[in-house]
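# Overview (structure and organization)
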Amino acid sequence: LEPGGLEDLIHHAYDLMKKQGAFAWGLSSSPNPANMAVDRISRCSGLLGAAFYGCLNRHDETLRSIHCSGLDDVERSCRIFKHDGIILRYLMYCCKTTFK
């Protein structure tokens, strides 16, 4: 992202969520070029990685995680997609992470 681009991305995601009835957005879950796409925002089921995602808060017990933290990313993604039928994922961006 360019300097200031993160704020622009967050505003774009908020506007798109409101427009399309989504309540969560995230980035590509992998830096592998085969899993990324320039200028493509997925609306399909996919992983919302805990490293970076955004959501509109809701007080809905059916969306609350009940399993261990090792499954949290998968559980959150499945619960949100089952409830809303849409997750926005910006496939042109990913997080650079180091897992130890």
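Structure: above.
Residue numbering note: each chain is counted from 1, following its sequence as written. Under the rules for a predicted model, residues below a pLDDT of 70 receive no local features and side-chain atom pairs below 80 are neither given nor counted, while totals for whole chains, interfaces and linings still include all residues. Hydrogens are left out, water is left out, and the side-chain values use all remaining heavy atoms of the structure.

## Quick word on the environment of Met92
We apply this condition: Helix and strand definitions follow DSSP, with helices as H or I runs of at least four residues and strands as E runs of at least two, each counted in order from the N terminus. Only protein chains enter the accessibility calculation, which uses a 1.4 Å probe; a residue is then buried when its area is under 20% of its type maximum, exposed when over 50%, and partly exposed in between. Note on contacts: a residue pair qualifies if any of its non-hydrogen atoms lie within 4.5 Å across the two residues.
Topologically, Met92 is positioned in strand β4 (residues 88–94). Residue classification places Met92 among the partly exposed positions, given a relative accessible area of 22%. When the C-alpha atoms of Met92 and Phe81 are compared, they prove to be 20 Å apart, with 11 residues separating the residues in sequence. Setting aside residues no more than four positions away along its own chain, Met92 makes contact with Met36, Ala37, Val38, Asp39, Arg40 and Ile41.

## Details of the pairing of strand β1 (residues 24–28)
Put simply, the test is: At least two DSSP bridges between two strands are required for those strands to pair.
Among the 5 residues in β1, 5 count as buried, and that is most of the element. Inspection of the sheet shows β1 paired to strand β3 (residues 53–55) by 3 bridges, in the antiparallel sense. Paired with Ala24 across the bridge in β3 is Cys55. With 4 bridges joining them, β1 and β4 adopt parallel strand pairing. Directly across from Ser28, in β4, lies its bridge partner Cys94.

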